[in-house]
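Chain and residue survey
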Amino acid sequence: FYGRPWSMDQRRVLFQMQLWGLNTYLYGPKDDLKHRLLWREVYSPEEEQLRTLIVEAQSRGLRFVYALSPGQDIVFSSSCDLTLLKRKLKQVSDLGCQAFAILFDDIDHSMCQADSEVFASFAHAQVTIANEIYRFLGEPPVFLFCPTYCGSLCSPSVSKSPYLQTVGEDLLPNITVIWTSKVISRKLSLDCLAELESVLQRPPLIWDNLHANDYDTRRLFLGPFKGRDPQLKSHLRGLLLNPNCEFEANYIPLHTLGTWYRAEKDYLKDEESEYCPDRALTAALHDWMEELNQPLQAKGSLSEAQVRLLVGLHYLPHEHGPSAQKLLQDLTWLKTNCHLVGANSKKGQPEKVDEWRGRASRFLSLCEDIAQLHGSVVGGANRAVLYDLYPYVWDLRNTALVAKAFICWLGRVLSDSSSLGSWKNCFHCGKTTGADVLGVDSEPWVFKGGVSGDVQMLLPVGSSAELFTHPPPLFPTSRLYNIRPYHSKDKVELYRMVRQLHLRTQGGHESTMAHPDVIGDCLGPCLALSPEYSFILEDELGICGCVLGILDVRSFAKRCQASWIPAMRDKYPPKGNSTHEYPDSLIYHFPSQLRLDALPELVDVSVSRTLLTSLLTALKANSQGVFCEVQPTDHQRLEFLTKLGFLEILRGEARSREGVVLGRLL
């Protein structure tokens, strides 16, 4: 269900169902409070526009099934509740509906005292109500009953479950039972249905959650209908696909479901018509391309390669598509084998070094393709697709930016072991991917996040969810951003950026500065003495942000005293002693330090978070904690850092005396 019952999206999905040969639509949205929470209440005259949807479905030859879910608070033995249930369904019947479903899923399976005195079991209570309503409605040709899915009710097994035995024996034979083998099944086969059909004493109707994504806000499923043998159809009363929450994400799922449904009839005519998920996907992609590039406003278009990349990155609950597999395999291999390019690695293995560099180049190229895909979706012709898919594409773009920066950093610092220290920690900081954790038989929500989550877990800071899970910006931008390690050639542009920032925040003019480098030289010690922990944020116009890190503040301070400060004394007239040491208690827990700068006109402020996360990913390999200084009046910066897990450690102990020191353990 999408939007209001009479909305344009609703009419489009009915049109698509008719086009692809589907025949049944079940209405059961939890957003309709009178479907579940307020099930006793009838629809008002304004809400009776549900009639429009019913008529639209029937005019297209589709069976409209109205579902009601009273199980949360119904008293089965109450004549009042039974009367209200009949009144509600009678109203919907008068609107023209001819098919109904009563749902008892997702509820507590214990009975109240009043029901326990009337019914022998929970199953008897449900079956009694369902039979009564079925007869009251005149025994409609389609009446669905959804039992309570609960492990204890199906024990010791499906065939020996007293609950299911009662349903099979006492439910009227023409009532169809909805069933879900597992909440999200990787595969459905004839074998798994034989036991169920026997105990229910009728073929079931499968409620298939293959493409449902309401359990994970970071996952989207654009892959084909898969893992369901077309021969199942002769052993079922039907199959209902519960799709993605986002309407525009369901073109391929519904298109390929239609192909699967037609496959058995077509196969009888032509053996080459046997259902193949890959062929079905190719056909659906071809048709979806036209819709994707159909402008609601004059904008650009997505290429077929980009659409395939999009689908491959957001495939199915138990299975990543080709592009996602390649992304994860390369990242895993590069991290595991980064010792091959280390300065201390065994000599005489140039082919291994070349292999690492080659796979790194391929990985970085795929990350760039993901960034380009993000820009193309935002700038694409179909704005409806943008609004539905943007949160997922944006999330993966940001995660890929961090991963790309991490691999660039590894390739840079591993060639100079003196700049990295104990870099072997890189192997142990990241976890295994969600796919590794899940196993074949586990439910997909054991680990959330899809390919974004899997990439995240391979990074050293992957377990820090607060660095990765944030809502997308309200105003999407197609601007391309890149995060990379600092190069010495960036110094001039970086100095110009921080000088520009200073003038904006402090006022004044460049002509009033004693020296053009006086502001930029605040960054100078980091760029000169700790360049390996400096990262640059850039867009099409150039550098727009930076984050500078110091791995060991104590060691860094000594090097500053030895080399940087004498050089600055020669460059600028001394103005008293401004040195200030941080307390040992701070450095003990937070040995590293960072500074973050970004231009205020960043269109997508989330990239500042991604930039900071890139540095934390690098520091994590060799540090246990990091701190930074913030002015107490900079409320925006304080809020930003707090959301990323930084906590106030000290006041009045920063170099500026009045500053606040925030720290974060790594």
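Described below are features of the structure shown in this document. Predicted model only: the values in this text are computed from it and were never measured.

Taken in spatial order, the seven strands make up an open sheet running β8-β9-β10-β11-β12-β14-β13, and their pairing is mixed. On the outer flanks of this sheet lie β8 (482–485) and β13 (647–651), each paired with one strand and no other. Ignoring which end each strand starts from, the neighbouring axes of this sheet average 25 degrees apart. Judged from the six bridges that link them, strand β12 (residues 625–630) and strand β14 (residues 660–665) form a sheet pairing that is antiparallel. Paired with V630 across the strands is V660, a residue of β14. Across the sheet, helix α21 (residues 606–619) touches β8, β9 (534–539), β10 (542–550), β11 (592–598), β12 and β14, and the angle it forms with β10 is around 35 degrees. In the packing of helix α22 (residues 635–643) onto the sheet, contacts are made with β11, β12 and β14, and the angle to β12 comes to roughly 165 degrees.

A few words on the side chain of N213. Tracing the sequence through the fold places N213 in the loop between β6 (205–208) and β7 (238–241). For N213, a relative accessible area of 3% gives the class buried. Apart from the residues lying within four places of it in its own chain, the contact partners of N213 are R219, L220, F221, P243, N244, C245, E246 and Y392.

Turning our eyes to something else, we now look at the pairing of β12. In terms of burial, β12 is largely enclosed, as five of its six residues are buried. Bridge count between β11 and β12: two bridges; the pairing is parallel. Of the residues in β12, the one forming a bridge with S592 is V626. Viewed along the sheet, the connection from β11 through α21 into β12 turns out right-handed.

For the rest of this paragraph, the subject is the packing of helix α10 (residues 304–313) against helix α12 (residues 350–378). In the contact formed by α10 and α12, the axes pass within 10 Å of each other and the chain directions differ by 105 degrees. By the angle between their axes, α10 is roughly perpendicular relative to α12. Here α10 contributes Q306, L309, L310 and L313 to the contact with α12, which in turn contributes L366, D369, I370, Q372, L373 and S376. Counted by class, the contact of α10 with α12 contains six nonpolar, three polar and one charged residues.

This next bit is on the packing of aromatic side chains. A full pass over the atoms with the stated rule returns 15 aromatic pairs. Relative to F64, the ring of Y25 has its centre 6.0 Å away and its plane inclined at 35 degrees; by these criteria the two rings are tilted. With Y25 in strand β1 (residues 24–27) and F64 in strand β2 (residues 63–68), this pair connects stretches of sequence that are 39 residues apart. Taking relative accessible area as the criterion, Y25 reaches 7% and is therefore assigned buried. With centroids separated by 5.5 Å and ring planes inclined at 55 degrees, the aromatic side chains of Y134 and F143 adopt a geometry described as tilted. The class of F143 is buried, set by a relative accessible area of 1%. Feature note: the residues Y25, Y27, Y43, F64 and Y66 constitute an aromatic cluster, connected by ring pairs. A cation over a ring is seen here: K88 above Y43, with NZ or CZ 5.1 Å from the ring centre.

Here we take up the sheet that holds β1. With parallel pairing, the seven strands of this open sheet are ordered in space as β1-β2-β3-β4-β5-β6-β7. Pairing within the sheet leaves two strands with one partner each, and these edge strands are β1 and β7. Averaged over all pairs of adjacent strands, the angle between their axes in this sheet comes to 25 degrees, without regard to strand direction. One ladder, built from four bridges, connects β2 with strand β3 (residues 99–103); its direction is parallel. Its bridge partner lying in β3, L68 is registered against I102.

Turning next to unusual backbone geometry. Unusually for a residue other than glycine, D106 sits at a positive phi of about 55 degrees. With respect to the helices and strands, the residue D106 is situated in the loop between β3 and α4 (113–116). Its identity is not glycine, yet E139 carries a phi of approximately 50 degrees, on the positive side. Structurally, the position occupied by E139 is in the loop between α5 (122–136) and β4 (142–146). Given the relative accessible area of 45%, E139 is considered partly exposed.

Definitions and limits used
Residues numbered from 1 in each chain as written. Predicted model: local features only at pLDDT ≥ 70, side-chain atom pairs only at ≥ 80, totals over all residues. Heavy atoms only, no water. Pairing = 2+ DSSP bridges. Helix = DSSP H or I, 4+ residues; strand = E, 2+ residues; numbered from the N terminus. Axes fitted to C-alpha atoms, helices over the stretch in contact; angles between N-to-C directions. Contact = heavy atoms within 4.5 Å. Buried < 20%, exposed > 50% of the residue type's maximum accessible area, 1.4 Å probe, protein only. Right-handed = clockwise from strand over helix to strand, strands pointing away. Parallel < 35°, antiparallel > 145°, perpendicular 65-115°, else oblique. Nonpolar A, V, L, I, M, F, W, Y, C, P; charged D, E, K, R; others polar. Phe/Tyr/Trp six-rings, centres within 6.5 Å; stacked < 30°, edge-to-face > 60°. Lys NZ or Arg CZ within 6 Å of the ring centre and 35° of its normal.

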